[in-house]
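What follows is each chain in one-letter form.
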Amino acid sequence: MRRLLFTAPLATAAALVLAACGTTEPAADDAKESTEAITLTDASGAEVELDGPAEKVVGTEWNVVEHLVSLGVDPVGVADVKGYKTWDAAVPLKNEPKDIGTRGEPSMDTIASLKPDLIVATTDLQPNALKQLRKIAPVLEVKSADAADPIGRMLENVDLIAEATGTTERAATLKKDFGTTLAEGRKALADAGLDGAEIAFADGYVASNQVSVRPYTSGSLIGAVNERLGLKNAWKQKGDEAYGLASTDVEGLTGLGKVQFVYIGNDGDESSDPFANELAGNSVWKSLPFVKSGDVHRLDDGIWMFGGTGSMERYADALVASLTK
Amino acid sequence: MAVTATPPTARPATVSSRTGAAAVTTALVLLVAALAVVDITQGTAAVGPAEVLKALTGRADPADASVVVASRLPRTAAGLLVGAALGVAGVALQAVSRNVLASPDTLAVNAGSYLALGIAAVTGVSLPLFASSGVAFAGGLAAAAVVLGLSGLGAGTVRLVLAGTALALGLTAVTEGLLLLFPQQTEGLYQWNQGSIGQNGFDGVLGMLPVAVAGIAGLLLVARRIDALALGDDTARGLGVPVRATRVTAVVLATLLSAAAVTLAGPIGFVGLCAPALARPLARWFRGLRRLRSAMPVAGLVGAALVLGADVLLRAFVDADTAVAVPTGVVTSLVGAVFLVVMAARLRGTGGATAPDRLRIRSRAVFLTTVVVLVLALAGVTIAAVLLGDSKLLLGDVVNWAQGRAGRTVSFVLDTRMPRVFAALLAGAALALAGTLVQAVTRNPLAEPAVLGVSGGGALGAVILVTTVPVAGAWGVAGAAFAGSAVAAVVVFGLAARGGYQQNRLVLVGVGVAAGTTALISLLIVLTDPFNAAKALTWLSGSTYGRTMPDVLPLAVVLAVGVAAAGVRHRELDLVSLDEDTPRLLGLDPARGRLGFLVLGVLLSAAAVAAAGTIGFVGLVAPHAARALVGRRHTRVLPVALLLGAVLVCAADLLGRTVIAPAQLGAGLMTAVIGTPYFLYVLVRSRR
């Protein structure tokens, strides 16, 4: 037994040393030639210098991935590809990017092996990880969300990414289309007599018999889009400073009164639609005025609530269709 | 207080104690009722006392009435049921194992139930409530069987708690890993591994009520027999009590109760440990309460009061909507931990843990062989850790990198990977050294930075700093961690010091502080940064993700100092770890040396926490295994423990980085998964 204990690690170590000789990449040699350089200032105030428009881009959050895809730049690396496909079907990936791990802890190894020209990250990533990413490639850090001006923040992020990828013309089109869709939506709602109608957008989830509800206050992207559509946000809760999200439970819905209740769930996640499943038999839920009047709307799956212009246009269209039905 | 003066054998005492027990029970019923009433008036809807009163008298508007009926009452009922079930389960387990530390938490019953439910959820089987309580029961029972099987019923207290807390940590880590492997929530919500009593309607409560009633009734039926066990197995047998059957029945019924509670609300920490602990002083005053038949209802009521009190407290201090996001289990753990610490510090005559290692004399050859094997293992693991990852490298790459001529990709990969490998190696060694020092000083095989709450205090300090000063540097975080660890250590050792390190008390206080810091960290993150799962993960379960060389520097410095100091004074460590008198006979002042070693241990754990988060188990396993391998002399134990710790954490980190790549599991989760089976194996072997 002891002899085995002795020889096993020795043999393993020896085998490792022998098998692991050599290199996977030749030693560094030449310098790169540069084309027209781009210099940007990102959310952290840091100057980002690029040799030219970035082509091989990695996105660590789904909102920036959506921006990239909308701008016609197919990212080479995306965090949690499966999750993106489930939750952001509004702007589907056109290529098969490499999965770089979770959004909270993307894998440095994988990102480095992709040799990107640019990494687009958000302020949600921990500062240490951002520091490391900056060593791998230029990092464009964008503010993930800002409850003070959600739409403005989102569009600025699109612009910033467009500048870095040389797609500013496309960005202008995106912004124009976004504005048009919202204006059309507003008109359609006004025509249906819904101008100034009260709306409450939420999502919900279940854990051990408890249903939690997340109100999207006026500081959330969806809340701001609702206001641009001429609707009034009915939530009284105060949201967080970035995403404008609050938390409550089914009781907290009693303060809403007669509103249009709108939510998004996902068939890929069983616990994401408590309003149709767990709460269906709940007498608080059943006693709510908007439930009694049938003003509960589930919008299409795959509209990412924190996404970009594509998701928000899909949201506006789906909302208008659902409310004016 | 006059009751205590009554001679225990006097006849009239029985009468007065009976009335006393009745008075206590009545008082507790009133307390629970008052808490329940307050709880019903709290919530996110604008339904206060006036509306509740109207609703209960049937004069409210239907919407308010439905809030009371479908939201408030179920929550309160769940609180009552869960608290009572856990309290009764705790008192029964303690009676049957003759161990004040036994509880659904320390016997890993809650953790086993929760893991079983997690596995059921992950496999995608959606079970009806009753079936899932069956699954939870099976999981809890299996965990209890393992713990009791390993430690033996009624056998050494320390062994039971060793096995139980070890298994609970391991099982919780597996549950956490499952949740990471199969994330149900894509919104970045962290699963706290803590239950909540909020309910969606009465279905859950009504489903679990019969189970809980059956469990409590069953325990009341065997209560007399369990009382007989308190007299000792032989006496009990003499009285005609089937010892084994009684024990098995009681454990099964207590598990059933815990499983019902976990199914209904998830794990609500510490109620099963605290409720009996709080009820015990009452039994000192009212002898009638010493009988299990009257002690069980009292513990049940205390449990219900704890859970409801925690809920009331939370909703009173935090605004109603935020309170929804805070799991009740976090608050009970916090409240429970405070009580546990106070109770433990006041405990008298808790007895000591006898050092479980037999005095082994090992030859020099054995020691040298062990060191050589470990050095080789360390080299192997380090090489593997450097080469393996999402991108596999070869040694030539590393040579290029070291000479500064590696290509772009290799440089990046190694620039980010090397600090993680270093952080893992150094944190492992530091925790092992800290564990060795603390175990030597306290002569307590259970003493370990994580178990004693020292690591938790460090993590709390670091989290407070990171939350308030987002741009804190590595030395700042290390300093904050040290401050936190130092406070935790002062509390634990200060409270346990009276009358020497009475060892059960030390561990009990430490477990309480550890649970308290975990709850505080959870609370802090859920209140200030609810969508930051990565932060929670690092500070609650340890991770080397995103570490850079400057982050590791403080740890390297502290470890170097620690190794030097311990190496120079290893003989003093030997003496201190022997007994109280030998150092004095030799003219040494043991107190000063002890304090020095403790400070060093705290410093080491704090540095490890700052660099890699809270990694449990290493400080427990490494010194233990080192002593088993090479005997007790610290000149030998120290190098072996250091090597073991480094190998363990480095291997854990390597596995965590690679098994579900490109996603990752925290190193702390992996040490628990690797450490648990090993630890249980050591426990089984030492039994022979």
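Residues numbered from 1 in each chain as written. Chains lettered and ligands numbered in written order. Predicted model: local features only at pLDDT ≥ 70, side-chain atom pairs only at ≥ 80, totals over all residues.

A word on the overall build of chain A
For step 1, the next point in the chain: Along chain A, the regular secondary structure elements total 11 helices and 12 strands.
For step 2, the next point in the chain: Counting only C-alpha atoms and orienting by the principal axes, one finds that chain A spans roughly 75 × 65 × 30 Å.
For step 3, the next point in the chain: Contacts spanning at least 24 positions in sequence make up 63% of the contacts within chain A whose residues lie at least 6 apart. (Helix = DSSP H or I, 4+ residues; strand = E, 2+ residues; numbered from the N terminus. Contact = placed C-beta atoms within 7 Å.)

Re the overall build of chain B
For step 1, the next point in the chain: From N to C terminus, chain B includes 28 helices and zero strands.
For step 2, the next point in the chain: Within chain B, the fraction of its 688 residues that count as buried is 61%.
For step 3, the next point in the chain: Contacts in chain B between residues far apart in sequence, at least 24 positions, make up 80% of those at least 6 positions apart. (Buried ≥ 20, exposed ≤ 12 C-beta atoms within 10 Å, placed from the backbone.)

Brief notes about the domain arrangement of chain B
For step 1, the next point in the chain: In terms of domains, chain B is made up of domain 1 (2-6 + 28-183 + 190-320) and domain 2 (364-368 + 418-685).
For step 2, the next point in the chain: For domain 1 of chain B and domain 2 of chain B, the distance between their C-alpha centres works out to 31 Å. (Domains from an automatic or database assignment.)

Regarding the domain arrangement of chain A
By a widely used convention, the size of an interface equals the accessible area lost when the partners come together.
Residue and element names in this part refer to chain A.
For step 1, the next point in the chain: Its domain assignment divides chain A into domain 1 (38-174) and domain 2 (193-323).
For step 2, the next point in the chain: For domain 1 and domain 2, the distance between their C-alpha centres works out to 28 Å.
For step 3, the next point in the chain: Listed by partner, the interface residues are 20 residues for domain 1 and 25 residues for domain 2.
For step 4, the next point in the chain: A per-element tally of the side of domain 1 that touches domain 2 places helix H2 (residues 62-70) first, with five residues.

So, the sheet that holds strand S5 (residues 98-99) of chain A
Residues and elements named next belong to chain A.
For step 1, the next point in the chain: Ordered in space as S5-S4-S3-S6-S7, the five strands form an open sheet in which the pairing is parallel. Single-partner strands in this sheet number two, and they are S5 and strand S7 (139-142).
For step 2, the next point in the chain: Here two bridges tie strand S3 (residues 57-59) to strand S4 (residues 77-78), and the two strands are oriented parallel to one another. Bridging from a neighbouring strand, Gly 59 pairs with Val 78 of S4.
For step 3, the next point in the chain: This element, H2, spans S3, S4, strand S6 (118-122) and S7 of the sheet and lies at about 145° to S3. (Pairing = 2+ DSSP bridges. Axes fitted to C-alpha atoms, helices over the stretch in contact; angles between N-to-C directions.)

Regarding the packing of helix H16 (residues 395-402) of chain B against helix H17 (residues 408-442) of chain B
Residue and element names in this part refer to chain B.
For step 1, the next point in the chain: Packing of H16 against H17 brings their axes to within 10 Å, and their N-to-C directions diverge by 85°. Viewed along their axes, H16 and H17 adopt a mutual orientation that is roughly perpendicular. On the side of H16, the interface is formed by Asp 397, Val 398, Asn 400 and Trp 401, while H17 contributes Val 410, Ser 411 and Leu 414.
For step 2, the next point in the chain: Looking at the contact of H16 with H17 residue by residue, the class counts come to four nonpolar, two polar and one charged. (Parallel < 35°, antiparallel > 145°, perpendicular 65-115°, else oblique. Nonpolar A, V, L, I, M, F, W, Y, C, P; charged D, E, K, R; others polar.)

Focus on helix H6 (residues 150-165) of chain A
Residue and element names in this part refer to chain A.
For step 1, the next point in the chain: Its 16 residues give H6 an end-to-end C-alpha distance of 23 Å, which sits within 8% of 22 Å, the value for a rise of 1.5 Å per residue.
For step 2, the next point in the chain: Among the residues of H6, Pro 150, Arg 153, Met 154, Asn 157, Val 158, Leu 160, Ile 161, Ala 162, Ala 164 and Thr 165 are the ones counted as buried.
For step 3, the next point in the chain: Among the residues trailing H6, Gly 166 stands out with phi positive, at a value near 65°. (Expected span 1.5 Å × (residues − 1).)

Concerning unusual backbone geometry
Residues and elements named next belong to chain A.
For step 1, the next point in the chain: For Asp 80, which is not glycine, the phi dihedral falls at a positive 50°.
For step 2, the next point in the chain: Mapping Asp 80 onto the fold places it in the loop between S4 and helix H3 (81-87).
For step 3, the next point in the chain: C-beta crowding within 10 Å serves as the criterion here: with 24 such atoms nearby, Asp 80 is assigned to the buried category.
For step 4, the next point in the chain: A positive phi angle is found at Lys 115, which is not glycine, with a value near 45°.
For step 5, the next point in the chain: Position of Lys 115 among the secondary structure elements: in the loop between helix H4 (108-113) and S6.

What about the interface of chain A and chain B?
For step 1, the next point in the chain: Chain A puts 65 residues into the contact, and the matching count from chain B is 69 residues.
For step 2, the next point in the chain: Residue assignment for the side of chain A that touches chain B shows that the elements contributing at least two residues are helix H1 (2-19), H3, H4, helix H5 (127-136), strand S9 (210-215) and helix H9 (283-287) of chain A.
For step 3, the next point in the chain: For the side of chain A that touches chain B, the leading source of residues is H1(A), giving nine residues.
For step 4, the next point in the chain: In terms of residue class, the side of chain A that touches chain B is built from 24 nonpolar, 29 polar and 12 charged.

Describing the packing of helix H8 (residues 203-229) of chain B against helix H10 (residues 243-265) of chain B
Residues and elements named next belong to chain B.
For step 1, the next point in the chain: Look at H8 against H10: their axes get within 9 Å of each other, and the N-to-C directions meet at 155°. In terms of orientation, H8 and H10 fall into the roughly antiparallel class. As for how H8 packs across H10, the hand of that crossing is left-handed. (Left-handed = near helix turned anticlockwise from the far one by under 90°.)

Some thoughts on the environment of Leu282(B)
Residues and elements named next belong to chain B.
For step 1, the next point in the chain: Mapped onto the elements, Leu 282 comes out in helix H11 (residues 271-285).
For step 2, the next point in the chain: Residue classification places Leu 282 among the buried positions, given that 21 C-beta atoms sit within 10 Å.
For step 3, the next point in the chain: Excluding residues within four positions of it along the chain, Leu 282 makes contact with Val 24, Leu 289 and Val 298.

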